[in-house]
Amino acid sequence: MRILRVELVRCLHRRLLWILAFAAVIGCLLTLVLTLVNVKDTDPINLVDLWPPRDQGDPVLLIAITIAILGALVFGSSMVGAEWKSGTVPTLLTWESRRVRVAVTKIAAPAIVAAVLALVLEALFAASLLPVIVSKGSTAGTDSKFWRALSGGTLRGSAVIAMAGALGALIALVARTTSAATGIAFLYLNLVEGFLRGFVKSSRSWLLTDNAVVFLTGHRLEHGQVGHSTLQAGLTLAAYTIGLTALATSVFRRRDL
Amino acid sequence: MASIIEVEGLAKEYRNWRGRRSVAVEYLDLTVPEGGVFGFLGPNGSGKTTTIRCLLGLVRPTKGRCRILGVDSSRTLADVLPRIGSVVETPMMFPTQSGRTNLRLLGMTQGIGPSAVTDALERVGLADRADDLAKNYSLGMRQRLGIAAALLRDPALLILDEPANGLDPAGIREIRELIRALGAEGRTVFISSHILSEVQQMCDRVAILTRGRCVASGTVREVLSGREPTRLTVRLDDLAAGAATLMAAGFFVENRGDALSVAAAPADAARVTEVLGREGLWLSELRADDVSLEDVFLELTGDPTP
């Protein structure tokens, strides 16, 4: 636990985290201004639009979650990539030689920080829409079903954001640089998964992005081809994260430093 | 005397992506007794740092084994790591955090509090600059910070790889005194160093490594004993004339200002006297220089760059 605490403190000391958080706050303020200016009385934003119950439209909050996923990926890569760059990984290993423990905490810490920060930013994003909702929209339809959908969606969003942070960190643990890690992640998610999605239809149930969309939205975004339920998609994502963490840890454990 | 480090048949080879093999350490045997300061010497690329990395579990040996504080460093190092302080090459810290924060974060991994951090910073003379960002530290200050980190755990064994790297003469002297003091406290200090005169002054025992093998080891006196001096100090009134005469006779001579240093064995002393006397140059002093660790090092390694 001590080493996890240290890694969490290191995460909080990382300037990029606060730059991303600051950018997110600016984004929320921009959202506030743009919605106030652009939303018409004929097409208002209602509170229920944040996360409408199943089959009643796309959740507005998903915009913030998607951006936060990308931010978490970069943050996770940067956390570990910067350690390789500054050469502090061997220094830490002269203090804690159990490499599995070191690797797992290095992957877990950015994931935890990203998840917690994501919850705060999701709340901030929702709060930035409140003035528009109050002035031009309504709070109609905010029954228990809505609150359940909103809280479930928010938590699932944070889980996917945490997973993105972990993926960034574990790729950087192997690739040793931030740029290589983010490059590998984006190439894989865009090119490899894009190719598979387009040409090998049967692979869709196993793609990270498709499962993430299913897990987040519960089959809302025309992903009927993904044969997984929300729970199955979540388990698939968890299995990928655990499997890739084990792989990265194994490489890290054997590496000469 | 109990051994604190035992290296048996250690070998480490690296392969590049083409499969080309390079040997860093080749069947190294080394024993470091408990207590005192142990110097680990060798030319660049002789395998010193690789050996230290193997000892600290950072590198997996290809063959052989390393035991440190009685445990196999590739298996149960974690059991003894809290009793080992180390600096490997240039100490690496987080550049955007202060020296103090860097040490506090390292200390937190072992439950070490802020007062130990302050003590360690004071001990290495870095207390005044402890709150500056590490990226603003000079190389010498980073070395001190690394040594402070190594001292945080109040270690029984200190492993310092080139601790005087980047330090100015005053800093080298301070670190030498610190290392001596640490050795005198009953700790074992294992240092690799390029500065042979410093090693000779502060080490009780040394080992000399060349091409991945240990070619000499023992107390400094043991390593120096049996070696014949290779230089003579010649003092006379007219140094310039003396130097010219000796060089004309085939000697390599260095004019040190107050005396000549002649590259010659004690057995050549009679010939030096004869050559100078023939030209009417009379000696006021002729003596063989003491054998230094540097002479032995150069003789054993054949390398002018330790």
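### Looking at the sheet that holds strand β2 (residues 21-33) of chain B
Residue and element names in this part refer to chain B.
Then comes step 1: Within the open sheet, the four strands sit side by side as β2-β1-β4-β5. Their pairing is antiparallel. Two strands bound the open sheet, and with one partner strand each, they are β2 and β5 (71-72).
Then comes step 2: Two elements, strand β4 (residues 63-68) and β5, share two bridges in a ladder whose sense is antiparallel. If you follow Ile68 over to β5, its bridge partner there is Val71.
Then comes step 3: The strands touched by helix α1 (residues 48-55) within the sheet are β1 (3-15), β2 and β4, with β1 carrying the most contacts at an inclination of about 115°.

### Structural notes on the interface of chain B and chain A
Then comes step 1: Chain B puts 23 residues into the contact, and the matching count from chain A is 21 residues.
Then comes step 2: Considering only residue class, the side of chain B that touches chain A consists of 15 nonpolar, seven polar and one charged.

### Concerning the packing of helix α6 (residues 144-175) of chain A against helix α7 (residues 178-199) of chain A
All names here are of chain A.
Then comes step 1: It is the contact of α6 with α7, at a shortest axis distance of 8 Å, that shows an interaxial angle of 125°. By the angle class used here, α6 and α7 are oblique. Of the two elements, α6 crosses α7, and the hand of that crossing is right-handed. Every residue of α7 that contacts α6 at Leu167, Gly168, Ile171, Ala172 and Ala175 is listed here: Thr178, Ala180, Ala181, Thr182, Ile184 and Ala185.
Then comes step 2: The residue makeup of the contact of α6 with α7, split by class, is eight nonpolar, three polar and no charged.

### Looking at the environment of A:Gly157
Residues and elements named next belong to chain A.
Then comes step 1: Topologically, Gly157 is positioned in helix α6.
Then comes step 2: Along the backbone, Gly157 and Ala115 are 42 residues apart, and their C-alpha atoms lie at a distance of 8.5 Å.
Then comes step 3: Every residue in contact with Gly157, bar those within four places of it in the chain, is listed here: Leu61, Ile65, Ala118, Glu122 and Leu216.

### Description of helix α4 (residues 114-123) of chain B
Residues and elements named next belong to chain B.
Then comes step 1: All of the buried residues in α4 are Val117, Ala120 and Leu121. Axial view of α4: buried residues confined to an arc of 100°, hence all on one face.
Then comes step 2: Buried residues along α4 sit in contact with α3 (99-108) and α5 (139-151).
Then comes step 3: Looking one or two residues beyond α4, the residue adopting positive phi is Gly125, at roughly 75°.

How each quantity is defined
- Residues numbered from 1 in each chain as written.
- Chains lettered and ligands numbered in written order.
- Predicted model: local features only at pLDDT ≥ 70, side-chain atom pairs only at ≥ 80, totals over all residues.
- Pairing = 2+ DSSP bridges.
- Helix = DSSP H or I, 4+ residues; strand = E, 2+ residues; numbered from the N terminus.
- Contact = placed C-beta atoms within 7 Å.
- Axes fitted to C-alpha atoms, helices over the stretch in contact; angles between N-to-C directions.
- Nonpolar A, V, L, I, M, F, W, Y, C, P; charged D, E, K, R; others polar.
- Parallel < 35°, antiparallel > 145°, perpendicular 65-115°, else oblique.
- Left-handed = near helix turned anticlockwise from the far one by under 90°.
- Buried ≥ 20, exposed ≤ 12 C-beta atoms within 10 Å, placed from the backbone.
- Arc of directions from axis to C-beta.

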